[in-house]
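Descriptive analysis of the structure
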Amino acid sequence: MHAALDGIAALRKAYPAADIRPAIAHDEIVDPVDFPRFQQLGAIPVLSMQWEKPAGDTLGLKNYFGPARMKILEPAGLLAAAGARITFGSDWPVDPLDEWFALKVGVTRTNSPDASAEFHGRLGDDPGLSREAVLRAATINAAYELHEDDVTGSLEVGKFADLIVLDRNPLKVPAEEIAKTQVLETVVGGKVVYTAR
């Protein structure tokens, strides 16, 4: 990660006025000295939030990483606290495309309630993200990373009317219920393209 950030620093030096929005995917393990560098360099962590929970692919790293690194594995909340612009990446088709589960994990850092007992509890000491932060990661921050924030990512006059209607308010329901969110209607460019039956 340090070398990738050094590369972005070199890019910034070579092209100081360019509107380049470099992204680094996954960011599973970051040295704490590099947390503030994401904001300083305008580097965007693109996180597959569904990995931020106790599971075979995270807890299986204990013997390689040791206890200190395991405490900051998948440091979404720590990066956000240091000012990084967090962006959601689904990692599909490697992982199932289940964005509401991923966003729930981003907030709670817990697995599904029906996961086996060894995968209960929270992953590490990272505080996780706020509900607002995970929704921004999947909307306006993702649009910003893709240079599309002038036309999509938020509901504003002059942007595409891309939106979804949900069966619950993910900002208000108990955090575990975020994963149960269902889309009732999808609107793209002001036209309804999906309605739940």
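The coordinates are above.
Estimated volume of the largest pocket: approximately 860 Å³. For the largest pocket, the lining is made up of 31 residues, of which Ala-138, Thr-139, Asp-162, Leu-163 and Ile-164 are closest to its centre. At the level of elements, strand S3 (87–88), helix H6 (99–108), helix H7 (131–138), helix H8 (140–145), strand S4 (163–166) and strand S5 (183–188) are the ones that each hand at least two residues to the lining of the largest pocket. Looking at side-chain class alone, the lining of the largest pocket contains 19 nonpolar, eight polar and four charged residues.

Topologically, Asn-111 is positioned in the loop between H6 and H7. Residue classification places Asn-111 among the buried residues on the basis of a relative accessible area of 12%. One polar contact links the side chain of Asn-111 to the main-chain carbonyl oxygen of Pro-54, over a distance of 2.9 Å. Leaving out residues up to four positions away in the same chain, Asn-111 has contacts with Lys-53, Pro-54, Ala-55, Phe-101, Lys-104, Phe-119, Gly-121 and Glu-176.

Of all 10 residues in H6, nine are buried; the element is thus mostly enclosed. Check the buried side of H6 and you find it contacts S3, H7, S4 and S5. Backbone geometry just downstream of H6 places Arg-109 in the positive-phi region, at approximately 60°.

Moving on, we come to the packing of aromatic side chains. Across all of its chains, the model carries zero aromatic pairs by this definition. Note that Arg-21 overlies the ring of Tyr-144, its terminal NZ or CZ placed 4.0 Å from the centroid. If you follow Arg-85 out to its NZ or CZ, it ends over the ring of Tyr-144, 3.6 Å from the centre.

Our focus in this paragraph is the sheet that holds strand S2 (residues 44–47). Backbone-to-backbone hydrogen bonds join strands into a sheet, with any given pair of strands oriented parallel or antiparallel. Within the open sheet, the three strands sit side by side as S1-S2-S3. Their pairing is parallel. At either end of the open sheet lies a strand with only one pairing partner, and these are strand S1 (23–25) and S3. As defined by bridge partners, S2 adjoins S3 across two bridges and the pair is classed as parallel. Opposite Leu-47, over in S3, you have Phe-88 as the bridge partner.

Together, Leu-155, Leu-163, Val-165 and Leu-184 make up a nonpolar patch on the protein surface, roughly 320 Å² of accessible area in all. Assignment of secondary structure puts Leu-184 in strand S5. For Leu-184, a relative accessible area of 36% corresponds to the partly exposed category.

Attention now goes to the environment of Phe-119. One can find Phe-119 in the loop between H6 and H7. Taking the C-alpha atoms as reference points, Phe-119 and Thr-58, separated by 61 residues in sequence, lie 9.7 Å from one another. Filtering out sequence-adjacent residues up to four positions away, Phe-119 remains in contact with Pro-54, Ala-55, Gly-56, Leu-59 and Asn-111.

So, how was this worked out
- Residues numbered from 1 in each chain as written.
- Predicted model: local features only at pLDDT ≥ 70, side-chain atom pairs only at ≥ 80, totals over all residues.
- Heavy atoms only, no water.
- 1 Å grid on protein atoms, 1.4 Å probe; cavity = no way out; pocket = protein on both sides within 12 Å on 5 of 7 lines; lining within 4 Å.
- Points joined across faces, edges and corners; volume = space filled by probe spheres on them.
- Helix = DSSP H or I, 4+ residues; strand = E, 2+ residues; numbered from the N terminus.
- Nonpolar A, V, L, I, M, F, W, Y, C, P; charged D, E, K, R; others polar.
- Buried < 20%, exposed > 50% of the residue type's maximum accessible area, 1.4 Å probe, protein only.
- Polar contact = N/O pair within 3.5 Å; in protein donor to acceptor, adjacent residues only side chain to side chain.
- Contact = heavy atoms within 4.5 Å.
- Phe/Tyr/Trp six-rings, centres within 6.5 Å; stacked < 30°, edge-to-face > 60°.
- Lys NZ or Arg CZ within 6 Å of the ring centre and 35° of its normal.
- Pairing = 2+ DSSP bridges.
- Patch = residues over 30% accessible without salt bridge, like charges linked within 9 Å, V, L, I, M, F, W, Y side chains within 5 Å.
- Areas by Shrake-Rupley, 256 points an atom, 1.4 Å probe, with all protein chains shown as cover.
- Salt bridge = Lys/Arg side-chain N within 4 Å of Asp/Glu carboxyl O.

Such coordinate-based values are descriptive only and should not be taken to indicate function.
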